[in-house]
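So the chains spell out like this:
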Amino acid sequence: MRTLVFITLLSILFISCSKTDDSRNPLSSLPTVTTTAITSTSSTTASTGGNVSDDGGTTVTARGVCWSTTSNPIITGNHTTDGNGTGTFFSTITGLIPSTTYYVRAYATNSSGTAYGNEINITSSSPDVYIAGEEYNGVNSVGKIWKNGTATSLTANTHSGRANSVFVSGTDVYVAGYEDDGLNPVAKIWKNGIATSLTSNTNNGIANSVYVSGTDVYVAGYESNGSIQVAKVWKNGIASSLASGLNEADAIAVFVSGMNPSIIYFFFP
C-alpha cells in the first residue's frame with residue numbers, strides 16, 4: 001500500500017512538473033514588422049524596406065515588401081525577398097507604371113504565418129519628355145530643347161540654328177544640330193547645354209543624330225568638302241567619312257548595337 005501511494009504521488013508530481021515546463025514554452029506567434037518610409041522614387045522604381053523587431057518565437061524565414069495598386073497588398077502578389085531574421089532590411093521595388101499610386105507594406109514570415117507592417121502609399125513620378133527642334137524669333141531660327149514643355153535655347157538669336165536630335169544618358173542630355181556662324185552652318189553637339197563644334201566654319205556641316213553608348217558619343221550628319229556634302233559619323237568628336245565625296249550624301253540617324261554603330265544615310269545624284 002505504501003508503495004502504491006508513493007507511486008501515485010510521484011506520478012502527480014511528474015504531471016505537475018510537465019505542465020509547468022509547457023507553460024514556460026508557449027507556442028510561437030506572428031513576427032512584428034514595420035514598414036520603412038519611401039526614401040526615393042522614379043517613374044518605375046522606389047526604395048523602401050522594413051524592420052522586424054520581434055520574430056514571434058521562431059526564426060523569420062522570409063521578409064521583404066509587397067505592393068499593389070489596391071490597399072492591403074499580400075505576398076501572393078508583387079513582392080521582394082530581402083533575407084531573413086530580425087532587424088532592418090532594405091528593398092527596391094521595380095516595374096512600376098509611371099504616374100500611378102501604389103500601396104506598400106513590409107512583411108515577415110515565420111512558422112506561424114506571415115505578418116504585415118503598416119501600409120504606406122507612393123505615386124511613381126512621370127517620365128521626363130525631351131524634344132529637340134527650333135523656334136523662329138522673327139529674324140532667325142533658334143535651336144531649342146524642351147524638357148516637359150519648358151524650352152531652353154541652345155543657339156544665339158543672331159544666326160540661324162536648329163536642334164535635330166536628343167539623347168539622355170543618366171543625368172546628361174546630349175543634343176545634335178547646327179548653328180550658323182554668319183558664314184556657314186557648323187555641326188555641333190551640346191552636352192548639358194555646352195556646345196562643341198564638329199566642323200569648321202569653312203565648309204557646311206550639320207549634325208542630325210546623336211547616340212551615347214557607355215562613354216562613347218556617336219553623331220551622324222554631314223560635312224561639305226568644299227563642293228559636295230559628305231556623310232559622316234563622329235565618335236567622341238573624331239570624324240569618319242561614310243561616302244566617297246563624289247555624290248551628295250547625308251547621314252540621318254545613328255544607333256549603336258554592341259560595339260558597332262548602325263547608320264542610316266542617303267545619297268543624292
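Everything below is about the structure printed above this text.
This write-up is about the structure you can find in this document. (Residues numbered from 1 in each chain as written. Predicted model: local features only at pLDDT ≥ 70, side-chain atom pairs only at ≥ 80, totals over all residues. Heavy atoms only, no water.)

**A word on the overall build of the protein**
Inference 1: In terms of helices and strands, the protein carries 1 helix and 21 strands.
Inference 2: With 269 residues in all, the protein has 37% of them scored as buried.
Inference 3: Long-range contacts, defined here as pairs at least 24 residues apart, represent 41% of the contacts in the protein between residues at least 6 apart.
Inference 4: When the accessible area of the protein is evaluated, it comes to approximately 14800 Å², of which 54% is carbon and sulfur surface. (Helix = DSSP H or I, 4+ residues; strand = E, 2+ residues; numbered from the N terminus. Buried < 20%, exposed > 50% of the residue type's maximum accessible area, 1.4 Å probe, protein only. Contact = heavy atoms within 4.5 Å. Areas by Shrake-Rupley, 256 points an atom, 1.4 Å probe, with all protein chains shown as cover.)

**Focus: the nonpolar core**
Inference 1: Formed by 16 residues in total, the largest nonpolar core has its most connected members in Val65, Trp67, Ile93, Leu96 and Val104.
Inference 2: Mapped onto this core, the elements with two or more residues apiece are strand 2 (46-54), strand 3 (62-68), strand 5 (87-93), strand 6 (101-110) and strand 8 (120-123).
Inference 3: Apart from the residues within four sequence positions on either side, Trp67 is in contact with Pro73, Asn78, His79, Thr80, Ile93, Thr94, Leu96, Tyr102, Tyr103 and Val104.
Inference 4: Ala187, Val210, Val219 and Trp234 belong to the second-largest nonpolar core, a separate cluster that totals 11 residues. (Core = buried A, V, L, I, M, F, W, Y, C linked by side-chain atoms within 4.5 Å.)

**Considering the sheet that holds strand 19 (residues 238-241)**
Inference 1: Reading across from one edge, 16-17-18-19 is the order of the 4 strands in this open sheet, with antiparallel pairing throughout. A strand with exactly one partner marks an edge of an open sheet, and here the two such strands are strand 16 (205-213) and strand 19. Direction aside, the axes of adjacent strands within the sheet are offset by 25° on average.
Inference 2: When strand 18 (residues 229-235) meets strand 19, the two strands line up antiparallel, connected through 4 bridges. Across the sheet, the residue bridging to Lys235 is Ile238, located in strand 19. (Pairing = 2+ DSSP bridges. Axes fitted to C-alpha atoms, helices over the stretch in contact; angles between N-to-C directions.)

**Concerning the pairing of strand 6**
Consecutive side chains of a regular strand alternate in pointing toward one face of the sheet and then the other.
Inference 1: Judged by how many residues are buried, strand 6 sits mostly within the fold: 8 of 10 residues are covered.
Inference 2: Note: strand 3 against strand 6, 7 bridges, orientation antiparallel. Counterpart to Val65 in the pairing with strand 6 is Ala106.
Inference 3: Bridge count for strand 6 against strand 8 is 4 bridges, and the pairing is antiparallel. Residue pairing across strands places Tyr102 opposite Ile122, the latter belonging to strand 8.
Inference 4: Pairing of strand 6 with strand 7 (residues 113-116) involves 4 bridges; the strand directions are antiparallel. Across the sheet, Asn110 pairs through a bridge with Gly113, a residue of strand 7.

**A look at the packing of aromatic side chains**
Inference 1: The tally for this structure, following the rule as stated, stands at 2 aromatic pairs.
Inference 2: A centroid spacing of 4.7 Å and a plane angle of 55° characterise the contact between Phe167 and Tyr211, whose relative ring orientation is tilted. Of this pair, Phe167 sits in strand 12 (residues 161-169) while Tyr211 sits in strand 16; the two residues are 44 residues apart in sequence, bridging distant segments of the chain.
Inference 3: With a centroid separation of 4.8 Å and 65° between ring planes, the pair formed by Tyr211 and Phe255 is classed as edge-to-face. Here Tyr211, found in strand 16, pairs with Phe255, found in strand 20 (residues 248-257); they are 44 residues apart in sequence, far enough to count as distant.
Inference 4: Looking at Tyr211, the relative accessible area reads 16%, which means it is buried. (Phe/Tyr/Trp six-rings, centres within 6.5 Å; stacked < 30°, edge-to-face > 60°.)

**Let's talk about the pattern of salt bridges**
Inference 1: Counted by the stated rule, this structure contains 4 salt bridges.
Inference 2: Note that Arg162 and Glu134 form a salt bridge whose closest N and O atoms lie 3.7 Å from each other. Residue Arg162 is located in strand 12, and its partner Glu134 is located in strand 9 (residues 130-136); the two are separated by 28 residues in the primary sequence.
Inference 3: Across the pair Lys232 and Glu223 runs a salt bridge, and its minimum N-O distance is 3.1 Å. (Salt bridge = Lys/Arg side-chain N within 4 Å of Asp/Glu carboxyl O.)

**Looking at the environment of Ala132**
Inference 1: Here Ala132 is to be found in strand 9.
Inference 2: The contact partners of Ala132, leaving out residues within four places of it in the chain, are Lys144, Trp146, Ala163, Asn164, Ser165 and Val166.

**Points about the sheet that holds strand 11 (residues 150-153)**
Inference 1: Pairing in this open sheet of 3 strands is antiparallel, and the strands run 9-10-11 from one edge to the other. If you trace the sheet from one side to the other, it starts and ends with strand 9 and strand 11, each paired once. The average angle at which neighbouring strand axes cross in this sheet is 35°, direction not considered.
Inference 2: The sheet contact formed by strand 10 (residues 141-147) and strand 11 spans 4 bridges and is antiparallel. Bridge pairing links Trp146 to Ala151 in strand 11.

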